[in-house]
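Close look at the chain arrangement
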Amino acid sequence: MVDRSQPSNDERTPLLRETGGNNVDENGRDVTSEGDFIRLNDQVKTWRRRRWISLVASAFLIIAFVVILILSGVLSRARRKPNMSSSLCLTPACIHAASEVLYNLSPDYQTVDACTNFDHLVCDGFNNRHDIPQDLSSYSTGTIMSENGQTILRHILESSYPTTSEHSSFSPRNLVSRAASTDEENFLMIQEAYNSCMNETTLQKLGVQPLVSLIDRVAASFPVAEGGDEPLAEADYAALSNTILLLEQIGVTSFIGLYAGADDKNPDVVIIQGAPAGITLPSPEYYQDNDTVATYQTMLGEVFASLLPANTSKASAKLAQSVVDLEKKIAGVTPPPEDQSDVTKYYNIVKVDEVGKIGPAIGLDSVVKGLVPENYTADSMLLAFPEFLGNVSDIVSKASKSTVQSYLIWQLVNAYSDYVEAPEIQPITRFTNTLSGKDPNTKAERWKTCVSYVDSTLGWILSRFYIEAAFSDEAKKYGDQIIMDIKQQFISKLNGLSWIDDSVKKLAVNKVNNIDQKIGFPTTSPNITNPEALQAYYSGLTISDSYFNNTLASNAREVNRTWSALGKPVDHGEWGMQADIVNAYYNPVGNEIVFPAGIMQFPVFELELPSYVSYGAFASVAGHELSHAFDNSGRHYDEHGNFTDWWTENTVQEFDKRANCFVDQYSNFTVKGSNGEPLHVNGKLTLGENIADAGGISAAFAAWKNRTESNPDQSLPGLDFFSHEQLFFIFYGNWWCGKIRAQQAIQRIYTDPHSPAFARILGTTANSKAFRESFKCPVKEPTCELW
């Protein structure tokens, strides 16, 4: 992105020096003779004649060139698009954008039918020129944006403190001395964390020892006698509960995921929450695939043989099988993902003491009481699917002690294996790579691993330097403008819908107006432009040259920070993503939409390009997030983020009727399954995202058309085959271009609430009347429509 805060280079010195010299004496005076004047006069007359001839010729050429351009433009418009602007943008930004899009388009874009094969039209060129890197399971426009962001972060971390930067008010050069000193201390902190990760020589010398020390703590907390085949008894429940607590305190989940967060029915209050967990493979379906289970079991056997305590490692193969069998049983009682995201199904408030009775073997009540602050009374909690806890407790109670111990140690190893360099953990890497379709022995470049590590450990400090390098006040203002335009159009659409009862319509408009839009980066909790606020946010966290210890300390601090929120009002200033992340989200409990600076980059967002670029891509993302406020999940939350029944029965019925259209439509999309048969998209799991895609592009197109009525767009060079309306949708589709390995595509069908990228292009455009009109499709009405 162009740094608009930098002054332009007003260059007054000519590029080339004068070729003729003056005749001067030693005092610098002219010494030109009379003859010289005569010769000079003749030269001037000759020069003047040549100059007029040159000017006339130049003027003729310019006029001829302009006439040719006008005629070609008129002919092009007459031949193709009557609404094409005659203004052509030839700035470097426009030329670059046009070039990128032309490269991504199908080589046969002039003959591909956009109405039926729009994914091929916009992405075949992308697929032809990009291969999936060995260390990735997919590659897309978003991946390229993330890689660009990672490179910026790498340069930050491998450079010295930017003392001379004056990009904005919080730049080092503009900070007062005390703040500047704190800013530099923060910078050195992220550098030390990065360097501790990059020091592979030290990590290889340490080997697996730091992980073994943790394993020993778990084994001591839940001891097993040699042989260890005795079944779990009630007398063991307390030790099991204490060990689950030990793991939770360092960020390791076991049978139940535990955390503290806003209450769906009282969004200003933080409550204890628990949700199903317990399986290692991506989804329950994987436990039904014999080949996958066999490979998983073999891997566990190898890991157990080298890492389990000596008294149990001898039976590593047997224990691997018993752990897999335990997880199979847990998978069998795990609720489907579409139910786990349905607030009407997961919202269950229970007394903490009752939780202990629901799952006595797990002792979740004791775990919770060990996690909450000392001055907080753990009275009640949100327990999603209490029957799951009961079933898991029953499953665990029938397992052997050695199986349970091995399972707990495996959860620890799986969580922390990335932070050691040793041959003992290589089976995990090979299995994980194979599961996602990568070469078993592939490995990401170390700097990429370490940039991601710092981002997850000290992300807000890193974000502060990222926005210094890659964001601007102008970008934030433009983003705000786009989102306000989206809100206006969404309200207009709501008011025009006949199927929504007036009482609901009024409340829905209030909800749109009340949505909190967060753009770029947080300015509270923490204020990342304030070095002292950042230092206070990470107070208590000590970063050393020990990569493993840094990770352990960071995880423990984050667990403590999360649970310390109990008893305090919800902090609505918090963000769930760092500033460099290429993503966005809607939070129904906070009724907020959040757009990190990372997604506000080319080709999704750019100030220097015609607005159909940013409105086609970024505004569609913004409209997507806003539409989540009214999808099958978000609609249950009112304007203040309360989970409540605020829709009339008639409106609900009309909504469901239209939503079912999306379920049926997307369920017809397929990917190739592991057995070669078509594997269908889960239309129920992806419903919310599909509704949001359709609503987002509809609001974005309307907002763009309204904006260009008073501010017409320029055209991009080389793209005169398309109208501006068509380019709006091309830039939308370009955002979803990508490739994916077959194994990863299957995994996402089971686990991802988003449809495959090709379906997000085809399904969304099929649901857009504006798209079908822009490309003159035979059928103009959308396949499915809500917002």
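Starting afresh in each chain, residues are numbered from 1 along the sequence in its written order. Under the rules for a predicted model, residues below a pLDDT of 70 receive no local features and side-chain atom pairs below 80 are neither given nor counted, while totals for whole chains, interfaces and linings still include all residues. Note that the side-chain values use all heavy atoms of the structure and ignore hydrogens as well as water.

Focus: the packing of aromatic side chains
Two rings from Phe, Tyr or Trp (for Trp, the six-membered ring) form a pair when their centres are within 6.5 Å of each other. A pair whose planes differ by under 30 degrees is stacked, one over 60 is edge-to-face, and the rest are tilted. Under the defined criterion, the tally for this structure stands at 44 aromatic pairs. Centre to centre, the rings of Tyr453 and Tyr547 are 4.7 Å apart; their planes meet at 80°, and the pair counts as edge-to-face. One end of the pair, Tyr453, is in helix H19 (residues 446–457); the other, Tyr547, is in helix H24 (residues 547–563), with 94 residues separating them in the sequence. The class of Tyr453 is buried, set by a relative accessible area of 4%. Take Tyr547: its relative accessible area is 3%, and that puts it in the buried class. Relative to Phe758, the ring of Phe669 has its centre 6.0 Å away and its plane inclined at 85°; by these criteria the two rings are edge-to-face. Here Phe669, found in the loop between helix H26 (649–667) and strand E9 (670–672), pairs with Phe758, found in helix H30 (residues 757–766); they are 89 residues apart in sequence, far enough to count as distant. Whether a residue is buried, partly exposed or exposed follows from its accessible area with a 1.4 Å probe, protein chains only, as a fraction of its type maximum: under 20%, in between, or over 50%, in that order. Overall, the relative accessible area of 16% leaves Phe669 in the buried class. On the accessibility criterion, Phe758 (30% relative accessible area) is partly exposed. A run of DSSP states H or I qualifies as a helix once it reaches four residues; a run of E qualifies as a strand once it reaches two. Both are numbered from the N-terminal end.

Considerations on the sheet that holds strand E3 (residues 266–276)
Judged by pairing direction, the sheet is mixed, and its four strands sit side by side in the order E2-E3-E5-E4 without closing on themselves. Unpaired on one side and paired on the other, strand E2 (256–263) and strand E4 (349–351) mark the two borders of the sheet. Between one strand axis and the next, the sheet turns through 40° on average, direction left out of account. The criterion for strand pairing is that DSSP finds at least two bridges linking the strands in question. Across three bridges, the pairing between E3 and strand E5 (residues 380–383) is parallel. If you follow Gln273 over to E5, its bridge partner there is Leu382. Relative to the sheet, helix H15 (residues 364–371) contacts E2, E3 and E5, its axis offset from that of E2 by approximately 55°. Think of each axis as a best-fit line through the C-alpha atoms, taken over the contacting stretch in the case of a helix, with angles from 0 to 180 degrees between the N-to-C directions. Any two residues whose heavy atoms approach within 4.5 Å are treated as being in contact.

Brief notes about the pattern of salt bridges
Any Lys or Arg side-chain nitrogen located within 4 Å of an Asp or Glu carboxyl oxygen qualifies as a salt bridge. With the rule as written, the count across this model stands at 31 salt bridges. Residue Glu302 pairs with Arg430 through a salt bridge whose shortest N-O separation is 3.8 Å. Of this pair, Glu302 sits in helix H9 (residues 290–307) while Arg430 sits in helix H18 (residues 426–435), placing them 128 residues apart in sequence. When its relative accessible area of 39% is taken as the criterion, Glu302 is described as partly exposed. Overall, the relative accessible area of 32% leaves Arg430 in the partly exposed class. Notably, a salt bridge pairs Arg561 with Glu558, separated by 2.8 Å at the nearest N-O pair. Linking Arg561 with Glu558, this pair stays in helix H24, spanning three residues, or about one helical turn. If you follow the salt bridges from partner to partner, you end up with Glu200, Glu421, Lys443 and Arg446 in one network.

Comments concerning the pairing of E3
Note that E2 and E3 share eight bridges and pair antiparallel. Bridging from a neighbouring strand, Gly257 pairs with Ala275 of E3. Turn length for the E2-E3 hairpin, with the two strands adjacent in sequence and antiparallel, is two residues.

Section: the side chain of Ser436
Relative to the helices and strands, Ser436 resides in the loop between H18 and H19. Ser436 sits in the buried class, given a relative accessible area of 8%. With near-sequence residues (within four places) excluded, Ser436 lies in contact with Ser137, Arg741, Gln743 and Gln744.

Some points on unusual backbone geometry
Backbone torsion omega between Ser525 and Pro526 reads -5°, so that peptide bond is classified as cis. Looking at the element boundaries, Pro526 is found in the loop between strand E6 (516–520) and helix H23 (531–537). A cis amide bond links Phe602 with the next residue in sequence, Pro603, at an omega value of 5°. Among the secondary structure elements, Pro603 is positioned in the loop between strand E8 (592–596) and helix H25 (611–627). The residue Ser525 is not glycine, and still its phi comes out positive at about 55°. Relative to the assigned elements, Ser525 resides in the loop between E6 and H23. Looking at Ser525, the relative accessible area reads 23%, which means it is partly exposed. If you check the backbone angles, Lys776 has positive phi at about 55° while not being a glycine. With respect to the helices and strands, Lys776 occurs in the segment after helix H31 (769–774). Looking at Lys776, the relative accessible area reads 59%, which means it is exposed.

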